[in-house]
Amino acid sequence: MSAILIIEQILNGLQFGVMLFLMAAGLTLIFGVMGLINLAHGSLYMVGAFAAASMAGLTGSFFIGLLAALIAAALAGAIIEIVVIRRLYKAAHLDQVLATFALILIFSEGTRWLFGSFPLFLEIPELLSGPIS
């Protein structure tokens, strides 16, 4: 086994360890602030991303897509809070994890049903495509 391979594996292990630490720190922060174990917050990001890509594709404007992403994610977050999350604040931690994981599955299958299994692409606007000077 060469020294380069050993160094590469050490760096891979460090990278993976830092990623796990960041995920654990993020979940700890979210739980500490909200008092709720919410695993479905990434689903709101997905809702916003699909709303941005579909609206930008329909209108041809990146900034209208950005506005649609903000509105869609805020609306989905408000609906989730009112319908599901408010009932979980006093529930056991396992119930919180199961309910929010179920939300992940619901949103994943819902977007697959609405948009299909193929990725949506978004054109980078001229204003954001060049170097910063």
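Residues numbered from 1 in each chain as written. Predicted model: local features only at pLDDT ≥ 70, side-chain atom pairs only at ≥ 80, totals over all residues. Heavy atoms only, no water.

Undergrad: Help me understand the overall build of the chain, please; the structure alone is not making it clear to me.
TA: Per the secondary structure count, the chain includes five helices and zero strands. Element order for the chain, N to C, with α for helix and β for strand: α-α-α-α-α. The C-alpha atoms of the chain give a radius of gyration of 19 Å, which is well past the 14 Å a tight globule of 133 residues would have. When the backbone C-alpha atoms are referred to their principal axes, the chain occupies close to 55 × 50 × 35 Å. Across the 133 residues in the chain, those meeting the buried criterion constitute 18%. (Helix = DSSP H or I, 4+ residues; strand = E, 2+ residues; numbered from the N terminus. Rg over C-alpha atoms; globule rule 2.2 N^0.38 Å. Buried < 20%, exposed > 50% of the residue type's maximum accessible area, 1.4 Å probe, protein only.)

Undergrad: Please clarify how the nonpolar core should be interpreted in this entry.
TA: Nonpolar side chains tend toward joint burial in soluble globular proteins. Within the largest apolar cluster, nine residues are counted, these being Leu36, Ala40, Val47, Ala76, Ile80, Ile85, Leu88, Leu103 and Phe107. Mapped onto this core, the elements with two or more residues apiece are helix 3 (62–83) and helix 4 (93–115). If near-sequence neighbours (up to four positions away) are discounted, Leu88 is found in contact with Leu36, Asp95, Gln96, Ala99 and Thr100. (Core = buried A, V, L, I, M, F, W, Y, C linked by side-chain atoms within 4.5 Å. Contact = heavy atoms within 4.5 Å.)

Undergrad: Help me understand helix 3 in this model?
TA: Note that an α-helix has 3.6 residues per turn; residues three or four places apart therefore point the same way. With 22 residues, helix 3 extends 31 Å from end C-alpha to end C-alpha; this agrees with the ideal 32 Å at 1.5 Å per step. Those residues of helix 3 that sit buried are Gly65, Ala68, Ala69, Ala76 and Ile80. Seen from one end, helix 3 has its buried residues packed into an arc of 110°, which puts them on one side. Across from the buried face of helix 3, at angles greater than 90 degrees, the exposed residues are Leu70, Ile71, Ala74, Leu75 and Ile82. Those residues of helix 3 hidden inside the fold are in contact with helix 2 (41–59) and helix 4. (Expected span 1.5 Å × (residues − 1). Arc of directions from axis to C-beta.)

Geometric values such as these leave the question of function open.
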